[in-house]
Structures are given as structure tokens and as C-alpha cells.
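Descriptive structure summary
What follows is the residue order along each chain.
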Amino acid sequence: MKILFYLIIICGFIISTGCSQTIKIEKGYAYERSIVSGVTPIQGVSEDGAIVQKNNRSSKQYLIYVSTKDTSPLEVKEVWINGEKYSAKAEPVNDRPVIVAGDINPPNTSDTLFPSSRLKIWKVNVGSLLAVDSNIDKPISLDSQQVLIGFLSKQKLHYFPIQNIKQTGPIELQ
């Protein structure tokens, strides 16, 4: 009878430790890349013949990668980039090291974004800009970090900080 009791206790302990895995992000890298849309005129002509100033601002692409020790799915809910809140999702990366092509014009360059690692690598896809209701929604550590990744672990929202966004070479579309 004692053996059965101890067997049940041991099985319960094994099951509870397996169910209580916490996801912990080990490393994170954030990159910003300008996308230049080729040669665009500074002025344009509207339908009524008036000269219109065009916006020559380049758009930005964010490349964010994190690594975890566990193989359980990383559930990313939001990303704060320079004080703005974006929706986000994570997807596993199987090709290592993570390399992104640089400028399409010669010389063709590439940047290594995440080195080879034994850890599980995830790409955080930055989605649309989300509205922030008040300062209550903002995480406290947002002031000292450029990127905060909000992810779920044990059904609670946790944040992983990345202090600086590194700049990569711009890509020019034609």
C-alpha cells in the first residue's frame, strides 16, 4: 500500500513539473533597416495642375530575433519599439545562422543577424501599430530600452528587453 502511495506521489510530481515549464528568452537581437523606394521625385503634379510636395521619408523594417532553451512555442503578444506598441507574433527559424540579404545593387552584401546557436531561434514578426489607452498600459522598463517583447509564460505577460536597435544597411527597391 505504501508503494502505491509513493508511486502516485512521484507521478503527480513528474506531471506537475512537466506542466509548469516557464519560457525564458535567453538572447535577443533587434535590427532596423531603411527601405528606400528607389528614385522618387521631390515634387509631383496633382490632377488640377498644382505642384505637390511628395514625402521622401523612407519606411523602416524591423528584424527581431530571440532564442529560448525550450522547444515549447513562444507566444509573443506585443512589441514596444521606441515607445510605440505593435502587435507581434513569433515563428520558429530553422536556418542558421540567420542571414539577410543587403542591397540588391552591386556589391551584393549580406548581414548575419543571429549567429548559429544550440538554442531555439524565433523571429518576431512586427505587425500593426496598436493604440495605447494611457500610461497604465506602458511597461515600467520601457524608459531605458528601445525594444520590449511582451510574451506569455504561464498565462502571464512578461517582457524581454533589448536595449539598442542596431542599424543594418538600407535596401533599395526599384
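Shown above is the structure to which this text applies.
If you tally the helices and strands in the protein chain, you get one helix and 13 strands. Reading the protein chain from its N terminus to its C terminus gives the helix and strand order α-β-β-β-β-β-β-β-β-β-β-β-β-β. In the protein chain, which comprises 174 residues, the proportion classed as buried is 29%. Accessible surface for the protein chain amounts to roughly 11,900 Å². Of this, 55% is attributable to carbon and sulfur atoms.

A full pass over the atoms with the stated rule returns zero aromatic pairs. One cation-aromatic arrangement involves Lys120 over Trp122; the distance from NZ or CZ to the ring centre is 5.5 Å.

Take the side chain of Glu32 next. In this fold, Glu32 is placed in strand E1 (residues 25–36). It is Lys60 that comes nearest to the buried, bridge-free Glu32 among opposite-charge side chains, at 4.1 Å. Ignoring any residue separated from it by four or fewer positions in sequence, one finds Glu32 in contact with Lys60, Gln61, Tyr62, Ile165, Lys166, Gln167 and Thr168.

With that settled, consider a nonpolar patch on the surface. Nonpolar side chains collect at one region of the surface, where Met1, Leu4, Leu7 and Ile8 lie side by side and expose about 490 Å² of accessible area between them. Relative to the elements of secondary structure, Leu4 occurs in helix H1 (residues 2–19).

Its identity is not glycine, yet Asn82 carries a phi of approximately 50°, on the positive side. Tracing the backbone shows Asn82 in the loop between strand E5 (75–81) and strand E6 (84–93). Of note, Gln155 is a non-glycine position whose phi angle comes to about 60°, a positive value. Residue placement: Gln155 occurs in the loop between strand E10 (147–153) and strand E11 (156–162).

With that settled, the discussion passes to the side chain of Gln145. Within the secondary structure, Gln145 is located in the loop between strand E9 (120–129) and E10. Among the polar contacts listed, one links the side chain of Gln145 to the backbone nitrogen of Gln163, at a separation of 3.4 Å. Contacts of Gln145, omitting those with residues within four sequence positions, involve Pro161, Ile162 and Gln163.

On to the pairing of E1. One ladder, built from ten bridges, connects E1 with strand E4 (residues 59–68); its direction is antiparallel. Bridge pairing links Tyr31 to Leu63 in E4. In terms of strand pairing, E1 meets strand E12 (residues 166–167) through two bridges, oriented parallel. When the bridges of E12 are listed, Glu32 appears paired with Gln167.

Here is what the cut-offs are and how they apply
Residues numbered from 1 in each chain as written. Predicted model: local features only at pLDDT ≥ 70, side-chain atom pairs only at ≥ 80, totals over all residues. Heavy atoms only, no water. Helix = DSSP H or I, 4+ residues; strand = E, 2+ residues; numbered from the N terminus. Buried < 20%, exposed > 50% of the residue type's maximum accessible area, 1.4 Å probe, protein only. Areas by Shrake-Rupley, 256 points an atom, 1.4 Å probe, with all protein chains shown as cover. Phe/Tyr/Trp six-rings, centres within 6.5 Å; stacked < 30°, edge-to-face > 60°. Lys NZ or Arg CZ within 6 Å of the ring centre and 35° of its normal. Lys, Arg positive; Asp, Glu negative; His and termini not counted. Salt bridge = Lys/Arg side-chain N within 4 Å of Asp/Glu carboxyl O. Contact = heavy atoms within 4.5 Å. Patch = residues over 30% accessible without salt bridge, like charges linked within 9 Å, V, L, I, M, F, W, Y side chains within 5 Å. Polar contact = N/O pair within 3.5 Å; in protein donor to acceptor, adjacent residues only side chain to side chain. Pairing = 2+ DSSP bridges.

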